[in-house]
Amino acid sequence: MKSISLIQFLIEERRAGHVNAELSLLIEVVARACKRIAVATNKGALGGVLGDAGTGNIQGEAQKKLDVISNEILLEANAWGGQLAACASEEMEDPQPIPDMYPKGHHLLLFDPLDGSSNIDVNISVGTIFSILRCPDGVTEPKAEHFLQPGTTQLAAGYVVYGPATVLVLTFGHGTHEFTLDREVGSFILSRRDIRIPEETAEFAINMSNQRHWETPMQRYIGELLAGVDGPRGKDFNMRWVASMVADVHRIITRGGVFFYPLDAKIKAKGGKLRLMYEANPMAFIIEQAGGAATTGRERIMGLQPTGLHQRVPVFLGSRKEVEVATHYHVEADRAG
Ligand code: FBP
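Draft legend 1. Spotlight on the site of the ligand. The ligand sits among 17 residues. The nearest are D112, D115, S117, M245 and Y261. Separating an oxygen atom of the ligand from a side-chain N or O atom of N207 is a distance of 3.0 Å. At 3.2 Å, a side-chain N or O of E279 approaches an oxygen atom of the ligand. Here the ligand has 480 Å² of accessible area as a free molecule, and 87% of this is covered by the chains. Contributing elements (two or more residues each) for the shell around the ligand: strand 5 (107-115), strand 13 (258-261) and strand 14 (274-275).

Laid out in structure tokens, this is it:
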């Protein structure tokens, strides 16, 4: 395959009318910032970037040094570009306005600067997740309420996995595409165009240690997978759990599978573990554009009307058939009351 860089790909998509100039420039700026995060994560202990930062975030979580470093890299890179009106991050309580000395643009950017924080110090893949929305017309000082748009209004979404290779997966509503960082050239190169996730799968991802806290329909669904060929599903299922959502989702984008972070008694009061605006919505857009499905166990994630910038939701995503079965069990149980 002729090597096509991210910039070339975006120019082709602009000519096809799939993306406009301002949005494609913003995607390039985010991708460039992620290259700098890749360099920082790659350094590990030699770069003094491991361990806790000694500070906490709005979620009440201890921040890792790389959480803070990645957040700053993304803020700095996006401040002067001119495509943004404001951005919001997992690591900041409120949206960050664009400094007055820089031109403002028509987009809002949300990101989880470093997903999979619990894996940073043990050299397991982590990543950055981002979502791009339109800034409502006439709004010059965006507030949190201006970000609360359903996932269906996303203009683009993507993630970068910092693993053995650094890989960017991207959608702007015309399929899902993968780019691999060529470290020698310093460019993201198209490695898979128009990815399709298999409808069926025999591989699931869930944190089994929470099993006793799950709702009954989830106990039933996972119980049937574990029963394997002798059970009602009549086939064996394998399990994987990296505990970095980006890595678990990238496996699904690569070979299919299904991922769950369901509601359980421990996190019920919070509404879930994963955040809607900069984890669930962007991943749902990427997965749906690759032919998969993404629900809360009860409804389509991208159809939700957000109520808070750091709102949490249950997440079921991946190969369509399995997401539909697990969701059906929950809806059916609710109906039975
Ligand atoms: P952050 O690291 O950005 O807070 O993300 C949450 C996360 O680490 C996901 O990446 C992952 O899927 C999940 O939490 C792991 O949860 P658990 O620790 O329960 O296995």
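Anyway, onward from the coordinates.
Draft legend 2. Quick peek at the pairing of strand 9 (residues 176-182). Counted residue by residue, strand 9 has five buried out of seven residues, so it is predominantly covered. The sheet contact formed by strand 8 (residues 166-171) and strand 9 spans five bridges and is antiparallel. Note on strand 9: the bridge partner recorded for L170 is H177. Here strand 8 folds back onto strand 9, and the loop between the two strands holds four residues, one of which, G173, carries a positive phi near 90°.

Draft legend 3. Seen up close, the sheet that holds strand 4 (residues 96-97). Pairing is mixed in the open sheet, where eight strands are placed in the order 4-3-5-6-7-8-9-10. The open sheet has two free edges, formed respectively by strand 4 and strand 10 (187-192), since each of these has just one partner strand. In terms of strand pairing, strand 3 (residues 84-89) meets strand 4 through two bridges, oriented antiparallel. Paired with A86 across the two strands is P97, which belongs to strand 4. Here helix 1 (residues 6-15) sits on the sheet and contacts strand 8, strand 9 and strand 10; the angle it forms with strand 9, its principal contact strand, is near 150°. Sitting on the sheet, helix 7 (residues 276-289) touches strand 3, strand 5, strand 6 (126-134), strand 7 (156-162), strand 8 and strand 9, and the angle it makes with strand 6 is about 85°.

Draft legend 4. View of the pattern of salt bridges. Evaluated as defined, the whole model comprises 22 salt bridges. Across the pair R192 and E178 runs a salt bridge, and its minimum N-O distance is 3.1 Å. Here R192 is found in strand 10, whereas its partner E178 is found in strand 9, with 14 residues between them in sequence. Assessed through its relative accessible area of 8%, E178 is described here as buried. Residues R320 and E199 are paired through a salt bridge, measuring 3.8 Å at the closest nitrogen-oxygen approach. Residue R320 is found in helix 8 (residues 320-336), and its partner E199 is found in the loop between strand 10 and strand 11 (203-205); the two are separated by 121 residues along the sequence. The exposure class of R320 is partly exposed, given its relative accessible area of 27%.

Draft legend 5. How the structure looks around the packing of helix 5 (residues 216-227) against helix 8. Closest axis-to-axis distance for the helix 5/helix 8 pair is 9 Å, and the angle between their directions is 145°. Judged by the sense of rotation from one axis to the other, the crossing of helix 5 with helix 8 is right-handed. For the pair formed by helix 5 and helix 8, the contact residues are P217, M218, R220, Y221, E224 and L225 on the first element and E322, V325, A326, Y329, H330, E332 and A333 on the second. Its residues placed into classes, the contact of helix 5 with helix 8 shows eight nonpolar, one polar and four charged.

Draft legend 6. Here's a closer look at the packing of aromatic side chains. Across all of its chains, the model carries seven aromatic pairs by this definition. Between the aromatic rings of W241 and Y261, the centroid separation amounts to 5.9 Å while the plane-to-plane angle is 55°, which identifies the pairing as tilted. With W241 in the loop between strand 12 (238-239) and helix 6 (245-255) and Y261 in strand 13, this pair connects stretches of sequence that are 20 residues apart. Overall, the relative accessible area of 25% leaves W241 in the partly exposed class. Relative accessible area serves as the criterion here: at 11%, Y261 is assigned to the buried category. Here F260 and F316 contribute two aromatic rings whose centre-to-centre distance is 5.0 Å and whose plane-to-plane angle is 85°, an arrangement assigned as edge-to-face. Taken as a pair, F260 in strand 13 and F316 in strand 17 (residues 315-318) lie far apart in primary sequence, 56 residues in all. Taken as a pair, F260 and F316 share a single burial class, namely buried. Members of the aromatic cluster, joined through ring pairs, are Y221, F260, F316 and Y329. Positioned above the aromatic ring of Y329, the side-chain terminus of R220 is 3.6 Å from the ring centre.

Reading guide: rules and limits
- Residues numbered from 1 in each chain as written.
- Predicted model: local features only at pLDDT ≥ 70, side-chain atom pairs only at ≥ 80, totals over all residues.
- Heavy atoms only, no water.
- Near = heavy atom within 4 Å.
- Polar contact = N/O pair within 3.5 Å; in protein donor to acceptor, adjacent residues only side chain to side chain.
- Areas by Shrake-Rupley, 256 points an atom, 1.4 Å probe, with all protein chains shown as cover.
- Helix = DSSP H or I, 4+ residues; strand = E, 2+ residues; numbered from the N terminus.
- Buried < 20%, exposed > 50% of the residue type's maximum accessible area, 1.4 Å probe, protein only.
- Pairing = 2+ DSSP bridges.
- Contact = heavy atoms within 4.5 Å.
- Axes fitted to C-alpha atoms, helices over the stretch in contact; angles between N-to-C directions.
- Salt bridge = Lys/Arg side-chain N within 4 Å of Asp/Glu carboxyl O.
- Left-handed = near helix turned anticlockwise from the far one by under 90°.
- Nonpolar A, V, L, I, M, F, W, Y, C, P; charged D, E, K, R; others polar.
- Phe/Tyr/Trp six-rings, centres within 6.5 Å; stacked < 30°, edge-to-face > 60°.
- Lys NZ or Arg CZ within 6 Å of the ring centre and 35° of its normal.

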